[in-house]
2 protein chains.
Amino acid sequence: MTDSTPIAPQPFLDACAAAIGAQHVLTDAHDTAPYLADWRRRYQGAAVAVLCPATTREVAAVVKLAHEHRVALVPQGGNTGLAGGATPDASGKAAVLSLRRLNRVREIDAHNNTITVEAGVILSEIQARAKEADRLFPLSLAAEGSCTIGGNLSTNAGGTGVLRYGTTRELCLGLEVVTPQGDIWDGLRGLRKDNTGYDLRDLFIGAEGTLGVITAAVMKLHPQPAARVTALAALGSAHAALDFLALAQRYAGALLTGFELMSDFCMQLVGRHFPQLRYPFAGHHAQVVLLELSDNESEEHARALFERLMEEALEQGLVEDAVVAESLAQSQAFWNIREHIPLAQAQEGLNIKHDIGVPISRIGRFIEETDAEIARAVPGARMVTFGHLGDGNLHYNVQAPEGGDPRRFLAEHEKTLNRIVYDSVNRHRGTISAEHGLGQLKIDENAHYKSEVELALMRAIKTALDPLNLMNPGKVLHGPKEQEP
Amino acid sequence: MTDSTPIAPQPFLDACAAAIGAQHVLTDAHDTAPYLADWRRRYQGAAVAVLCPATTREVAAVVKLAHEHRVALVPQGGNTGLAGGATPDASGKAAVLSLRRLNRVREIDAHNNTITVEAGVILSEIQARAKEADRLFPLSLAAEGSCTIGGNLSTNAGGTGVLRYGTTRELCLGLEVVTPQGDIWDGLRGLRKDNTGYDLRDLFIGAEGTLGVITAAVMKLHPQPAARVTALAALGSAHAALDFLALAQRYAGALLTGFELMSDFCMQLVGRHFPQLRYPFAGHHAQVVLLELSDNESEEHARALFERLMEEALEQGLVEDAVVAESLAQSQAFWNIREHIPLAQAQEGLNIKHDIGVPISRIGRFIEETDAEIARAVPGARMVTFGHLGDGNLHYNVQAPEGGDPRRFLAEHEKTLNRIVYDSVNRHRGTISAEHGLGQLKIDENAHYKSEVELALMRAIKTALDPLNLMNPGKVLHGPKEQEP
């Protein structure tokens, strides 16, 4: 935050009240509380106010006022982020800018396969509206019932559909953005191709609100598949899973919409805490893979394709056992196992989470090497390894040794284990944040691993667009006046 | 170009010779000529020298020297661009920086579905190397035998595979770039997901060398489809083609890799100048669509899918006639018709080309309205309308009236017709350059149609990264000291 931030912000708040209505300028502690802590309760911030404009023009008015009064703004959507990117710092000098009231679906254009939505529209609402138009909006993640598309865009959210449909970035064709000076950039284009200058769209996507405020977007829709079918395959190693992925892609191409890895210990945890979710195989296997096909023809076609794939994989010795879902209910049951891993892990106790990515070809070696280092550093530490193998993205989490005290485990080992994991990621040319962003959680780690050239390019862009460092300061990268690590 | 560019560049040339070898600093007119005019011969430039480094380090050394000596650089790949983006201006003060000697394929990682290539590798070489590894590199365009991947990236090239695989941007995972100051940014990541800061990659892609020099890239590979099959459908209007596209996408989903529109006059031109290419239908139809399926299973499966689709489309009255290719040779013959349109058009005489894009849903209305305006302005002008309908991208070209003098037609009507077409594009929220970029050809038109907010954002970024305006000045946007239109 800049030094010029006013201690007495009343003139700013009065001007905001005049611009958007006094009832939308929240200052009462009871009203502001839900906006000041993150969803995981890792961060507790403070703010001069929570501002709730309802339209792009109102957002522009508020940003212009903040610029005049030198008040920092923290844009916030559904407040479901996992890296503290939408939580203000504890100084109480910034204002939270909530986008939730910008919640209109502006247009659905089925022939163009696009939907134009405001930043505050809930993700599941977009999915539902697409379905009504016989289209698919494929972005899907755990928080879809409460996260907003503005937050998805600002963090370039991933989720379970990335293998086929890409991240949020790849689902976006155009943006409307309020710049740090309060101007409105109308980049709401519904075009598949446009080569008329710098790619501003992708610069604002994933910038976590540090370069401006996304107020609306044109998102891509896809045809609804005729059927979705899942299968589970049991494998002897993560290496085998890689060969199996290549085989599945050759058989299914773009029909393959899911390829999720789950280690045996993940399966054990789910069995322990959710015994009603039946383990699908007779014996134990080092790894289980969940596959999903989204078929344009029929359920029968998808199942027949799976049968041929599994036959070949068994014959090649890649797969030890396999089961293809025979009904929609069974397909859902397989996804349920996958989705209960984080819940089972939480039941088992506090743990250290890593949302990492490496080139897909290196996943086997990454797991082997890093597991071994962790075992040496903290004997008995239990690895909860699962995730989007098809995207090279693992949730590589570490649980205290059996019977150990989770809190003491975290206090004693979190720093050491983070260093081991991120150093290994770095050796394998991976990323320390594959889908959750940096926020305030990983800002120092990122500064540690990025090259000085890259950090300098990022700083040059930040300074060019937001020279006063008023847009979400203290997130993504440190401002010129903030403490570097 | 900045005013500080030296008139006597000998010290710069001597330093370059020391850095990359005297034989790679071309100054002789005979040697430099091929680098100083664009492929379409619209622009003739001049240069102090053509510099041909062989490695990223040599590029960095040359750029650092240019920065010290205040010499502007014009990066150039295969010199096949259609907008003059790689041609220096006539002042003779800039140096051309040819990337052709950076021509190594650094790595193929089949398990990661990536290929790492230097900027000067020819596109068809990448296609061939991917095929050897049983993978597909889907970028494909007319100049593929001589264009380079660095040029494809810098102009975000499109081509015939965009419907399924996206533009060059969507095929790129990571970049290596030499900044305007001569630093090397190693962003050569082979990751599907990475949320650790601003999207520098997409900022350099499509920047036409005005923000730095792309020296290498990690490109995505896809599984090789088992079969590709094409079909032709005859339709009564462009409106019907839109409904047909939606139907085809519902039937085929991501298997649909091509959907090209060709007006009846295009077919007549091909018939006139290439009579050996057989017109496939009995009668005439307002529009013909070429469809391509890339199937993971087999040719039979693709043909069966086409048969079902065509049956339904005929039944719904969307399609008037249809023919599915019965062999690879026939599939190729159908593509041949499409690919001969630009050649037939050239045979017919000079014409006015527009590489425009609009939302797919508006294509029908765009054609109707704009055709009518053109007919009013220049009675008898003949429209050659074809292109990538599935991407909303038309080559909307205007030919002189039958028997008219093409040169006089251009001299008299080019400005008027451009204004009509681009105004119409603008009303339909489209783009004046869908896949060819701006270069120097459309820099003024772009400044005319873009909002002041967007131009200001672009300028802020340009100034932040290249404050001396030494990287490809006079392209994409005007520098602070250059003449605005």
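Residues numbered from 1 in each chain as written. Chains lettered and ligands numbered in written order. Predicted model: local features only at pLDDT ≥ 70, side-chain atom pairs only at ≥ 80, totals over all residues. Heavy atoms only, no water.

## Description of the overall build of chain A
Secondary structure assignment for chain A yields 16 helices and 19 strands. Radius of gyration (C-alpha) of chain A: 23 Å, near the 23 Å computed for a compact globule of 485 residues. By principal-axis analysis of the C-alpha atoms, chain A measures approximately 70 × 55 × 45 Å. A buried classification covers 62% of the 485 residues belonging to chain A. Across chain A, the fraction of contacts at a sequence separation of at least 24, relative to all contacts at a separation of at least 6, is 74%. About 17,600 Å² of surface is accessible on chain A, with carbon and sulfur atoms providing 50% of the total. Counting 45 positive and 59 negative side-chain charges, chain A places the averaged centre of each group 4 Å from the other. (Helix = DSSP H or I, 4+ residues; strand = E, 2+ residues; numbered from the N terminus. Rg over C-alpha atoms; globule rule 2.2 N^0.38 Å. Buried < 20%, exposed > 50% of the residue type's maximum accessible area, 1.4 Å probe, protein only. Contact = heavy atoms within 4.5 Å. Areas by Shrake-Rupley, 256 points an atom, 1.4 Å probe, with all protein chains shown as cover. Lys, Arg positive; Asp, Glu negative; His and termini not counted. Charge placed at Lys NZ, Arg CZ, Asp CG, Glu CD.)

## Observations regarding the relation of the copies chain B and chain A
Mapping chain B onto chain A is achieved by rotating through 180° and translating by 0.0 Å along the same axis, at an RMSD of 0.0 Å. Accordingly, the operation relating the two chain copies is best matched by a two-fold axis. Most of the interface of chain B is mirrored in chain A: 100% of its interface residues are interface residues there too. (Least-squares fit on C-alpha atoms with pLDDT ≥ 70 in both.)

## Points about the domain arrangement of chain A
You'll often see interface size given as the accessible area lost when the parts meet. Residues and elements named next belong to chain A. Along its sequence, chain A is organised into domain 1 (10–98), domain 2 (105–223), domain 3 (225–340) and domain 4 (349–437). For domain 2 and domain 3, the distance between their C-alpha centres works out to 30 Å. At the junction of the two partners, domain 2 supplies seven residues and domain 3 supplies 10 residues. Summed over both sides, the interface between domain 2 and domain 3 buries roughly 640 Å², with carbon and sulfur atoms accounting for 63% of that surface. Applying the counting rule to domain 2 against domain 3 returns zero salt bridges. Along the contact surface separating domain 2 from domain 3 lie zero residue pairs in polar contact (both at pLDDT 80 or more). Here the side of domain 2 that touches domain 3 takes three residues from helix α6 (residues 162–165), the largest share from any one element. The residue inventory of the side of domain 2 that touches domain 3, partitioned by class, reads four nonpolar, two polar and one charged. (Domains from an automatic or database assignment. Buried area = accessible area lost by both parts, 1.4 Å probe. Salt bridge = Lys/Arg side-chain N within 4 Å of Asp/Glu carboxyl O. Polar contact = N/O pair within 3.5 Å; in protein donor to acceptor, adjacent residues only side chain to side chain. Nonpolar A, V, L, I, M, F, W, Y, C, P; charged D, E, K, R; others polar.)

## A few points about the interface of chain B and chain A
Taken together, the contact pairs 90 residues of chain B with 90 residues of chain A. Counting the surface lost from both chain B and chain A, the interface buries some 6,900 Å², and carbon and sulfur atoms represent 55% of this. Its largest share of buried area at the contact with chain A, chain B owes to K193, N195 and Y198 of chain B, together 15% of the area lost on that side. Run the count over chain B and chain A and you get 14 salt bridges. Note that R189 of chain B is salt-bridged to E454 of chain A, the shortest N-O span being 2.4 Å. Applying the counting rule to chain B against chain A returns 49 residue pairs in polar contact (both at pLDDT 80 or more).

## Examining the packing of helix α11 (residues 328–339) of chain A against helix α12 (residues 341–348) of chain A
All names here are of chain A. It is the contact of α11 with α12, at a shortest axis distance of 5 Å, that shows an interaxial angle of 40°. Every residue of α12 that contacts α11 at I337, R338 and E339 is listed here: I341, P342 and L343. The residue makeup of the contact of α11 with α12, split by class, is four nonpolar, no polar and two charged. (Axes fitted to C-alpha atoms, helices over the stretch in contact; angles between N-to-C directions.)

## Comments concerning the sheet that holds strand β2 (residues 49–51) of chain B
Residue and element names in this part refer to chain B. Across the sheet, which stays open at both edges, the four strands sit in the order β1-β2-β4-β3 with mixed pairing between neighbours. Only two strands of the sheet have a single neighbouring strand rather than two, namely β1 (25–26) and β3 (73–76). One ladder, built from three bridges, connects β2 with strand β4 (residues 95–98); its direction is parallel. From the neighbouring strand, L51 faces β4, where its bridge partner is L97. (Pairing = 2+ DSSP bridges.)

## Re the packing of helix α9 (residues 264–273) of chain A against α12 of chain A
All names here are of chain A. Where α9 meets α12, the closest approach of the two axes is 9 Å, and the angle between their N-to-C directions is 70°. When the axis of α9 is compared with that of α12, the two are roughly perpendicular. Touching C266, L269, V270, R272 and H273 of α9 are I341, A344, Q345, Q347 and E348, all from α12. Taken together, the residues that form the contact of α9 with α12 break down as five nonpolar, three polar and two charged. (Parallel < 35°, antiparallel > 145°, perpendicular 65-115°, else oblique.)

## Considerations on α12 of chain A
Residues and elements named next belong to chain A. Within α12, burial applies to I341, A344, Q345 and E348. Angular distribution of buried residues about the axis of α12 spans 100°; they occupy a single face of the element. Those residues of α12 that are exposed and aimed more than 90 degrees away from the buried face are A346 and Q347. Here the buried face of α12 lies against β13 (256–263), α9, α11, β16 (351–352), β18 (382–388) and β19 (393–399). Trailing α12 by a residue or two, G349 shows a phi angle of about 125°, which is positive. (Arc of directions from axis to C-beta.)

## Some remarks on the sheet that holds strand β1 (residues 25–26) of chain A
Sheet strands pair via backbone hydrogen bonds, and the direction of the pair is either parallel or antiparallel. All names here are of chain A. An order of β1-β2-β4-β3 is seen for the four strands of this open sheet, with the pairing classed as mixed. Each end of this open sheet is capped by a strand with a single partner; those strands are β1 and β3 (73–76). With two bridges joining them, β1 and strand β2 (residues 49–51) adopt antiparallel strand pairing. Opposite V25, over in β2, you have L51 as the bridge partner.

## Description of the pattern of salt bridges
If you walk through the whole model with that rule in mind, you get 58 salt bridges over all chains. Notably, a salt bridge pairs E348 of chain B with R272 of chain B, separated by 2.8 Å at the nearest N-O pair. Here R272 of chain B lies in helix α9 (residues 264–273) and E348 of chain B lies in helix α11 (residues 328–348), a separation of 76 residues in the sequence. Between E369 of chain B and R365 of chain B there is a salt bridge whose closest N-O contact spans 3.6 Å. Linking E369 of chain B with R365 of chain B, this pair stays in helix α12 (residues 363–377), spanning four residues, or about one helical turn. Relative accessible area serves as the criterion here: at 43%, R365 of chain B is assigned to the partly exposed category. When salt bridges with common partners are traced through the structure, they connect R104, R106, E118 and E176 of chain A into a single cluster.

## A look at helix α10 (residues 299–315) of chain B
Relative to the 24 Å expected for 17 residues at 1.5 Å per residue, α10 of chain B spans 24 Å between its end C-alpha atoms, a close match to the ideal helical length. When α10 of chain B is considered as a whole, its buried residues turn out to be H301, A302, R303, L305, F306, L309, M310 and A313 of chain B. On its buried face, α10 of chain B sits against α10 (299–315) of chain A together with β12 (227–235), α8 (238–252), β14 (287–295) and β15 (321–324) of chain B. (Expected span 1.5 Å × (residues − 1).)

## Details of the nonpolar core
Core analysis: the biggest nonpolar cluster contains 76 residues, and F137, L175 and M219 of chain A together with F137, L175, F204 and M219 of chain B have the highest contact counts within it. When residues no more than four places from it in sequence are discounted, the contact partners of F204 of chain B are L457 of chain A together with L175, V177, W185, L211, G212, I214 and L465 of chain B. (Core = buried A, V, L, I, M, F, W, Y, C linked by side-chain atoms within 4.5 Å.)

## Observations regarding the UniProt feature "domain: FAD-binding PCMH-type" (unreviewed entry) in chain A
Listed under "domain: FAD-binding PCMH-type" (unreviewed entry) in the UniProt record, and renumbered for this structure, are residues 43–224 of chain A. For residues 43–224 of chain A, helix accounts for 21% and strand for 24%, while the C-alpha atoms at its two ends are 39 Å apart. (UniProt positions renumbered as here; feature names shortened; annotations may be inferred.)

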